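# Chain and residue survey
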Amino acid sequence: MPTSSDQMKRIAQRALDIEMSGIRKFFQAAKPDSISMALGQPDFDTPEHIKQAAIRAINEGKTGYTFNSGLPELREAISKKFKSENGLRYHPDQVIVTAGAGEALFIAIQALVNPGDRVLITDPGFVSYEACTTLAGGVMDPLSLDGNLHIDVDAAIEKMNGARLLILNSPCNPTGTVESEETIRALVEAANDAGVTVLSDEVYEHFIYDAKHTSAARFGEDVLTVNATSKTYAMTGWRIGYLAGHPDYIQQCLKIHQYCQTCATSISQYAAYAAYTGDQACVSLMRDEYKVRRDMLWTGLHDLGFDFPSPGGAFYAFVPMDSETTTKILDAGVIVVPGDAFGKKGSGYTRFSYATSRENITAALERISTVVR
């Protein structure tokens, strides 16, 4: 019988080179009576018309494989969404429906990044970007943020030459930052001039409160766009995302998708079609509620002495906080994520998710007040 040490020697280095998500680690360690502000998990139920579309698909026996790239009608609906909401012209054949945005990111990075390639990623940034880069053999080259957690454009442009990929995420997880149109344009144009492909993760585009969303592909052709139903329609568990870009890129990404996934779940695809073609009032209702929750959390933490900009989008607050205070908050039964889970420069911050009820936010603030005053 091989020992544990023997087994470890048989594991591929690519797996050993990455860590389990720090977000999940803190969520799973929660005590039974804890208030979780750890996951980016909408607490809304999936809208009824979307659920009914899935039920109809089951009852009508639409449970087999779809095309690898996804249902034609869903890709057509996504193409129309890109045109009407984002000002982008992606033909349905330029869209791959994936098992969530996570798979879209994975197949794009696998298709574009060779061993040793530099990938420009904000630090702090979403945990999957660096892990997917490492799995592809690439090397993360961190981009610094300014004092308000926005990308330092000049510093980013200085790193463009010789890089393979620039990953943008606006609105941003974990910071809640929304980059301006001027910043997005400058980064995309500089990247394309330097031969750097932009991978734009736009899953939080509809949850912006004091600004507006700008799609990176408006300003350059060498851009891949990632999005999903997960956050917009409270469909995290349905696992529907998508990737859109130049046909040459999409053809190669489709091969990787084909061998790791075959196709996204057929039932979820029919539900997603209903989401994109049905009543959009549910999205506005959720956005308005998140704004109320953001204001509650921001005001409450400010009253407790924490000074930070009000998040412009997504449903996260990235709060300057020492590790001792974070530990006290965790011990008080409020589950948050230390900032260094999102990169080395996230140290000294803590991420709070306000994708939870007003009652939970109020109760969390009460618990926090007992350990910080």
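Going by the structure above, here's the rest.
Residues numbered from 1 in each chain as written. Predicted model: local features only at pLDDT ≥ 70, side-chain atom pairs only at ≥ 80, totals over all residues. Heavy atoms only, no water.

### Details of helix 14 (residues 358-372)
Three or four residues apart is the spacing at which side chains of an α-helix point the same way, because the helix has 3.6 residues per turn. For helix 14, spanning 15 residues, the distance from its first C-alpha to its last is 21 Å, which sits close to the expected 21 Å at 1.5 Å a residue. Buried residues of helix 14: I361, A364, L365, I368 and S369, and no others. The arc that holds every buried residue of helix 14, seen down its axis, measures 145°, which confines them to one face. Facing away from the buried side of helix 14, by more than 90 degrees, are the exposed residues E359, E366 and T370. Tucked into the core, helix 14 has its buried residues touching strand 1 (35-36), helix 12 (281-303), helix 13 (323-331), strand 10 (334-335) and strand 12 (349-353). (Helix = DSSP H or I, 4+ residues; strand = E, 2+ residues; numbered from the N terminus. Expected span 1.5 Å × (residues − 1). Buried < 20%, exposed > 50% of the residue type's maximum accessible area, 1.4 Å probe, protein only. Arc of directions from axis to C-beta. Contact = heavy atoms within 4.5 Å.)

### A few points about the nonpolar core
In this structure, L166, L199, L243 and F352 are the most contacted members of the largest nonpolar core, which totals 108 residues. Sort the elements by how many residues they give to this core and helix 6 (residues 100-112) lands first, with seven residues. Residue contacts for L166: discarding those within four places in its chain leaves L120, L143, M160, L187, A191, V196, T197, V198 and L199. (Core = buried A, V, L, I, M, F, W, Y, C linked by side-chain atoms within 4.5 Å.)

### A closer look at the side chain of S170
Looking at the element boundaries, S170 is found in the loop between strand 5 (165-169) and helix 9 (181-193). Since its relative accessible area comes to 8%, S170 is described here as buried. A polar contact is formed between the side chain of S170 and the backbone nitrogen of E179, at a distance of 2.9 Å. When sequence neighbours within four positions are dropped, the list of residues in contact with S170 reads T177, V178, E179, I184, D201, E202 and H213. (Polar contact = N/O pair within 3.5 Å; in protein donor to acceptor, adjacent residues only side chain to side chain.)

### Describing the pairing of strand 3 (residues 118-122)
Most of strand 3 sits inside the fold, with four of its five residues counted as buried. Taken together, the five bridges between strand 3 and strand 4 (residues 139-143) define a ladder with parallel strand orientation. By the bridge assignment for strand 4, R118 is matched with V139. Between strand 3 and its parallel partner strand 4, the chain crosses via helix 7 (residues 127-135), and the hand of that crossover is right-handed. (Pairing = 2+ DSSP bridges. Right-handed = clockwise from strand over helix to strand, strands pointing away.)

### Regarding a nonpolar patch on the surface
Taken together, M8, I11 and L16 make up a surface patch of nonpolar side chains, about 240 Å² in accessible area. By the element assignment, L16 lies in helix 2 (residues 13-16). (Patch = residues over 30% accessible without salt bridge, like charges linked within 9 Å, V, L, I, M, F, W, Y side chains within 5 Å. Areas by Shrake-Rupley, 256 points an atom, 1.4 Å probe, with all protein chains shown as cover. Salt bridge = Lys/Arg side-chain N within 4 Å of Asp/Glu carboxyl O.)

### Notes on helix 7
For helix 7, the complete set of buried residues consists of Y129, C132 and T133. What you see down the axis of helix 7 is that its buried residues fit within an arc of 100°, all on one side. If you follow the buried residues of helix 7, they end up packed against helix 6, strand 3, strand 4, strand 5 and strand 6 (197-201).

### So, the pattern of salt bridges
In this structure the tally under the stated criterion is 18 salt bridges. D43 is the partner of R293 in a salt bridge, and the nearest nitrogen-oxygen pair spans 2.8 Å. On the criterion of sequence distance, the pair formed by R293 in helix 12 and D43 in the loop between strand 1 and helix 4 (48-59) is long-range, its members being 250 residues apart. Look at R293 and you get buried, because its relative accessible area is 4%. Look at D43 and you get partly exposed, because its relative accessible area is 37%. Shared partners join several salt bridges into a network, and the residues in it are D43, E289, R293 and R358.

### What about the sheet that holds strand 12?
With respect to topology, three strands assemble into an open sheet ordered 9-12-11, the strand pairing being antiparallel. Of all strands in the sheet, those with a lone pairing partner are strand 9 (316-320) and strand 11 (337-338), marking the two edges. Pairing of strand 11 with strand 12 involves two bridges; the strand directions are antiparallel. Bridging across to strand 12, P338 finds its partner in T350.

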